Amino acid sequence: MKSFQSVLQKIILLTVIAGIPCTAMARNDDDGETALRKLFRATMMINQLYVDTVDLNKQVEDAIVGMLSKLDPHSAYTNPEETRRLNEPLQGNFDGIGVQFNMLEDTLLVIQPTSKGPSERAGILAGDRIVTVNDTAIAGVNMSREEIMKRLRGPRGTMVKLGIVRRGIKGLLTFDIKRAQIPVNTLDAAYMVEPGIGLIRFSSFGATTHTEVAEAIERLKAAGMTDLILDLQGNGGGYLGMAAQIASEFLPIGDLIVYTKTRGGVYGEDYRSRGSGLMRTGRVVVLVDEYTASAAEIVAGAIQDHDRGLIVGRRTYGKGLVQRPIELEDGSMIRLTIARYYTPSGRCIQKPYEKGDSKSYGRDVIERYNRGELTNADSIHFPDSLRYTTLVKHRTVYGGGGIMPDRFVPLDTTRYTKLYRELTAHSYIINASLRFMDKHRKQLQRSYSTFEQFNREFAMPTDVMEQMLAEAKQKDKLEATDDTERQQTIALASRTLKALVARDLWDMSEYYQIIYEADPVLNEALDILHDSRQWAK
């Protein structure tokens, strides 16, 4: 009975998606009620009369997916498992044992136990190999990463027995660990790039992002930060409320951050600054690229429109459709587009699309590259009808989808060699770092007491590079076409390996400090901050 009720609920929601108002169900002669009866009857007849057995729930799910596919590219249906996986990174926590790990060949290798988490309290160490979970082998059996995570996670308070292999210790160590709530942090990096200039990078707008960013601002200001580089490159967005709270840290109370329009251009909600304003003074540069989307575009657009800071990088993705989550009783969810976002100056963030043509929409970034928009600012053209002005200095900005930066930084297509990209795609670089850390972790911990010392003195040994290149050539026939490509690949891989080692010894901030030493978008931001005349211009 419960299963049938779930199916009925989904059928009713199908009519809502199709634009049939709920009130139509109460009117005898309304077209909406006729459509509902038609849909319900078709579903029941298929279920009762079709020659083969039919999964009724699957039929209704397929119908929902089919309906949504004819709408905009962001209206979507997710089954219960997909819904859980999508929501978990944004909710700020999950239940588990609390370890960062990676797969070295076919074995789970602990990178770091979560600070003060259940694994750390039980005595799990970085470098440990988890080979059994509740006496079931997970190493050497080709078990998928998803299946391993499923076995490690579980309701808080439940117990899990781990079998551990530890370098230098004979035999199998066993640990009984009580699962607990594990925080999910979205902050990737927060550090001083140089005296007076701090950098904050985060990957999404989750439930705890504002708290993490606010704490990072206070920490960097205590370290002497006066100017901030806010790195939103690759940030795909998340909760609108988090975007409003973070933008509030840069704007006076009452300033408009974003507003929405619903069907027919009717004004919906607006969001205004009401935060503590931790960064209302000092210069701000926001880094963006073609994968900066949604909530990240809201923050960038508000800062640009209020002339609070400069946007540096490439035109953002252009995801400005508002989805309302509609939860169903079986744990599945419909995310239905109900409005569009607009920046304070009136620009629509959403890029153009054709209803039902998600394929072309998904190729938009590739088409931008083919048109030269990622490598040459002159290839980007805006009609005068999309011209807007900022609210304080009345600078020209453009609508039409995404946020166009104040300073364009072209995509460097020559920065990475073909061999480097192949080594990355085939996991040779990450595996080389894991093997190196497995052998030298204790020595590295003794040799480098601070990251500053490590960054100054450490260089990846040549034999590690040579072994990696030899293995790639032997297994997958990956090799450089000439000595120039080989040397450039070695330089790139050495930096990446050093950053990965730093991440394992410390955290992601240290990883980005090394990776970003050669980042052209960050270096462009620093050039602007170093030259007061450029900033004024």
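Owing to the predicted nature of the structure, the values given are computational and were not obtained by experimental measurement. (Residues numbered from 1 in each chain as written. Predicted model: local features only at pLDDT ≥ 70, side-chain atom pairs only at ≥ 80, totals over all residues. Heavy atoms only, no water.)

A short note on the sheet that holds strand β16 (residues 310–313)
- Read across the sheet, six strands follow the order β10-β11-β12-β15-β16-β21 without closing on themselves; strand pairing throughout is mixed. Here the strands that pair on one side only, and so sit at the sheet edges, are β10 (187–194) and β21 (407–408).
- As paired elements, β16 and β21 share two bridges and run parallel to each other. Bridge assignment links G313 to a residue of β21, and that residue is F408.
- Contacts between helix α7 (residues 209–222) and the sheet are confined to β10 and β11 (197–202), with β10 contributing the most and set at about 15° to the helix.
- The strands touched by helix α9 (residues 295–305) within the sheet are β12 (227–231), β15 (284–288) and β16, with β15 carrying the most contacts at an inclination of about 140°. (Pairing = 2+ DSSP bridges. Helix = DSSP H or I, 4+ residues; strand = E, 2+ residues; numbered from the N terminus. Contact = heavy atoms within 4.5 Å. Axes fitted to C-alpha atoms, helices over the stretch in contact; angles between N-to-C directions.)

Some details on the confidence of the model for the protein chain
- On average, residues of the protein chain score 89 in pLDDT, and 93% of them are at 70 or above.
- Confidence drops under pLDDT 50 across residues 18–29; counting only partners more than four residues distant or on other chains, this segment forms 15 contacts. (pLDDT = per-residue confidence, 0-100.)

Here we look at the packing of aromatic side chains
- Scanning the model with the defined rule gives 16 aromatic pairs in all.
- Ring-pair connections join several aromatic residues into one group, and the members of that group are F436, Y448, F451, F454, F458 and W506.
- The residue whose ring lies beneath K261 is Y342, and the NZ or CZ to ring-centre distance is 4.8 Å.
- Between the NZ or CZ atom of R283 and the centre of the ring of W535, over which it lies, the distance is 5.5 Å. (Phe/Tyr/Trp six-rings, centres within 6.5 Å; stacked < 30°, edge-to-face > 60°. Lys NZ or Arg CZ within 6 Å of the ring centre and 35° of its normal.)

Quick word on the packing of helix α16 (residues 483–505) against helix α17 (residues 508–515)
- The interhelical angle for the contact between α16 and α17, taken along N-to-C directions, is 160°, at an axis separation of 7 Å. In terms of orientation, α16 and α17 fall into the roughly antiparallel class. With respect to the hand of their crossing, α16 and α17 are arranged in right-handed fashion. The segment α16 lies against α17, with R495, T496, K498, A499, L500, A502 and R503 engaging M508, E510, Y511, I514 and I515. (Parallel < 35°, antiparallel > 145°, perpendicular 65-115°, else oblique. Left-handed = near helix turned anticlockwise from the far one by under 90°.)

What about helix α15 (residues 462–476)?
- Over its 15 residues, α15 runs 21 Å from end to end, which matches the ideal 21 Å to within 8%, given 1.5 Å per residue.
- Along α15, the positions that sit buried rather than exposed are V464, M465, M468, L469, E471 and A472. For α15, the angular spread of buried residues about the axis comes to 160°, placing them on one side. Of the exposed residues in α15, those oriented more than 90 degrees away from the buried face are T462, D463 and Q474.
- Along its buried surface, α15 packs onto α12 (418–425), α13 (428–447) and α16. (Expected span 1.5 Å × (residues − 1). Buried < 20%, exposed > 50% of the residue type's maximum accessible area, 1.4 Å probe, protein only. Arc of directions from axis to C-beta.)

Some remarks on the side chain of E212
- Here E212 shows up in helix α7.
- R219 provides the closest opposite charge to the buried, salt-bridge-free E212, at an N-O distance of 8.4 Å.
- Discounting chain neighbours no more than four positions away, the residues touching E212 are V184, N185, T186 and L187. (Lys, Arg positive; Asp, Glu negative; His and termini not counted. Salt bridge = Lys/Arg side-chain N within 4 Å of Asp/Glu carboxyl O.)

Digging into the environment of A302
- Residue position: A302 is located in helix α9.
- Spatially, the C-alpha atom of A302 lies 47 Å from that of K38, the residues being 264 residues apart in sequence.
- Those residues in contact with A302 that lie beyond four places of it in its chain are L251, I257 and P344.

Some words on the nonpolar core
- Counting 55 residues, the largest nonpolar core has I229 and F454 as its most contacted members.
- Considering each element in turn, this core owes the most residues, nine residues, to α16.
- Excluding residues that lie within four positions of it along the chain, I229 makes contacts with I197, G198, L199, I200, V285, L287, L522, A525, L526 and L529. (Core = buried A, V, L, I, M, F, W, Y, C linked by side-chain atoms within 4.5 Å.)

Details of the pairing of strand β4 (residues 107–113)
- For β4, the tally of buried residues reaches seven of seven residues, placing the bulk of the element in the interior.
- Hairpin connection between strand β3 (residues 99–104) and β4: a loop of two residues separates the two successive antiparallel strands, and E105 in this loop has a positive phi of roughly 60°.
- The pairing of β4 with strand β5 (residues 129–133) spans two bridges and is classified as antiparallel. Bridge pairing in β5 links L108 to I130.

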